[in-house]
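Topology and contacts: notes
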Amino acid sequence: DFIKVDIQGAEGLFIQGAKKTLSATSPCLLIEISAQELRENKLTPTSIFKDLFNLGYRNFFTLSKNGSYGNKIDIDKVSDLFCASIVVCHK
C-alpha cells in the first residue's frame, strides 16, 4: 500500500525496476525529489514525474512539516530545478 523512496538520486532506477509492481498494486509513494541528486544520475525531476504519470499516478503533493498534504504539484509546470524533500504520489 505504501513505499518510501529516499535513495539519493536513484529514484529513476527504482521506478524502472518497480514498474510492474507500481502498475499492479498502485501503492502510495513518499519520494524525495532533488534536482541536484537526480542530475548526478542523468535524470531530472521532470523525467521522474513523467515516469510516474505514465504509470497512472495523477496526484502529487508536497508534504508539510506536520505530516499533512502541502501544496498540490502541477507536473506540467515542474522545472528541472524542482526540489522537494518529500513528495506524496498516489493514483
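Refer to the preceding data block for the structure.
Residues numbered from 1 in each chain as written. Predicted model: local features only at pLDDT ≥ 70, side-chain atom pairs only at ≥ 80, totals over all residues. Heavy atoms only, no water.

**So, helix α4 (residues 45–54)**
Taken residue by residue, α4 has P45, I48, F49 and L52 as its buried positions. Taken around the axis of α4, the buried residues stretch over an arc of 95°, which confines them to a single face. Opposite the buried face of α4, at more than 90 degrees from it, the exposed residues are K50 and N54. Against the buried residues of α4 lie α1 (11–17), β2 (28–34), α3 (35–39), β3 (59–63) and β5 (83–90). Remark: G56 follows α4 within two positions and exhibits a positive phi of approximately 100°. (Buried < 20%, exposed > 50% of the residue type's maximum accessible area, 1.4 Å probe, protein only. Helix = DSSP H or I, 4+ residues; strand = E, 2+ residues; numbered from the N terminus. Arc of directions from axis to C-beta. Contact = heavy atoms within 4.5 Å.)

**Points about the sheet that holds strand β4 (residues 69–72)**
Where strands meet in a sheet, backbone hydrogen bonds hold them as pairs that are either parallel or antiparallel. Strands sit in the order β1-β2-β5-β3-β4 across an open sheet of five strands; the sheet is mixed. The open sheet has two edge strands, β1 (2–5) and β4, and neither has a second partner. Adjacent strand axes in the sheet meet at a mean angle of 30° when their direction is disregarded. By the bridge criterion, two bridges tie β3 to β4 in an arrangement that is antiparallel. Bridge assignment links L63 to a residue of β4, and that residue is Y69. Against the sheet, α4 makes contact with β2, β3 and β5, and its axis sits at roughly 165° relative to β2, the strand it touches most. (Pairing = 2+ DSSP bridges. Axes fitted to C-alpha atoms, helices over the stretch in contact; angles between N-to-C directions.)

**Here we look at the state of the cysteines**
What the rule picks out here adds up to zero disulfides. The thiol of C89 is not disulfide-bonded; the next cysteine sulfur, from C28, is found 7.5 Å away. Taking the relative accessible area as the measure of exposure, C89 reaches 0% and is therefore buried. (Disulfide = S-S within 2.5 Å.)

**Overview of the packing of aromatic side chains**
In this description, an aromatic ring pair is defined by two values, namely the gap between the centres and the angle between the planes. Counted under the stated rule, the structure contains three aromatic pairs. Plain terms: the ring middles of F49 and F60 are 5.3 Å apart, the flat faces sit at 90° to each other, and that makes the pair edge-to-face. Of this pair, F49 sits in helix α4 while F60 is found in strand β3, placing the two residues eleven residues apart along the sequence. Exposure class is identical for F49 and F60. Each is buried. Geometrically, the ring pair formed by F61 and Y69 is stacked, given 4.6 Å between the ring centres and 25° between the ring planes. Note on F61: relative accessible area 14%, which makes it buried. (Phe/Tyr/Trp six-rings, centres within 6.5 Å; stacked < 30°, edge-to-face > 60°.)

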